[in-house]
Amino acid sequence: VIGRTFPGRHNTIEVNGQHYSRFQSEDMAGNIAHEWIHLMGFTHDSRNDSDSVPYAVGDIIEKLAEKYLKDGKLH
């Protein structure tokens, strides 16, 4: 598990430091977006459910962050 949330119980995103220690900034951004979408109520069936809203939004954010970092728009 990289990150987890508990929608309806609290608005906290928990992340696994073992994964984050190897992550690039864009990976972290994508994961936080993925977990935030869970807090909004969207779910997925499994890790292989890559066309779900949390995975789709996380992938978009990760790609945008990678582009912005490359273009010097993020530091």
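Parameters at a glance
Residues numbered from 1 in each chain as written. Predicted model: local features only at pLDDT ≥ 70, side-chain atom pairs only at ≥ 80, totals over all residues. Heavy atoms only, no water. Salt bridge = Lys/Arg side-chain N within 4 Å of Asp/Glu carboxyl O. Helix = DSSP H or I, 4+ residues; strand = E, 2+ residues; numbered from the N terminus. Buried < 20%, exposed > 50% of the residue type's maximum accessible area, 1.4 Å probe, protein only. Contact = heavy atoms within 4.5 Å.

Enquirer: Help me understand the pattern of salt bridges in this model?
Expert: As a working rule, side chains carrying opposite charge can pair if their charged atoms are close by. Tallying each qualifying case throughout the model produces two salt bridges. Across the pair glutamate 14 and arginine 4 runs a salt bridge, and its minimum N-O distance is 2.7 Å. Of this pair, glutamate 14 sits in strand β2 (residues 10-15) while arginine 4 is found in strand β1 (residues 3-6), placing the two residues ten residues apart along the sequence. The closest approach of N and O atoms between lysine 67 and aspartate 71, which form a salt bridge, is 2.7 Å. Classification of lysine 67 by relative accessible area gives partly exposed; the value is 44%.

Enquirer: Hey, could you run me through the environment of isoleucine 13 in this one?
Expert: Mapped onto the fold, isoleucine 13 is located in strand β2. Each C-alpha atom of the pair isoleucine 13 and aspartate 51 lies 22 Å from the other, and the pair is 38 residues apart in sequence. Residues within four places of isoleucine 13 in sequence aside, it is in contact with Arg4, Thr5, Ile32, Glu35, Trp36 and Leu39.

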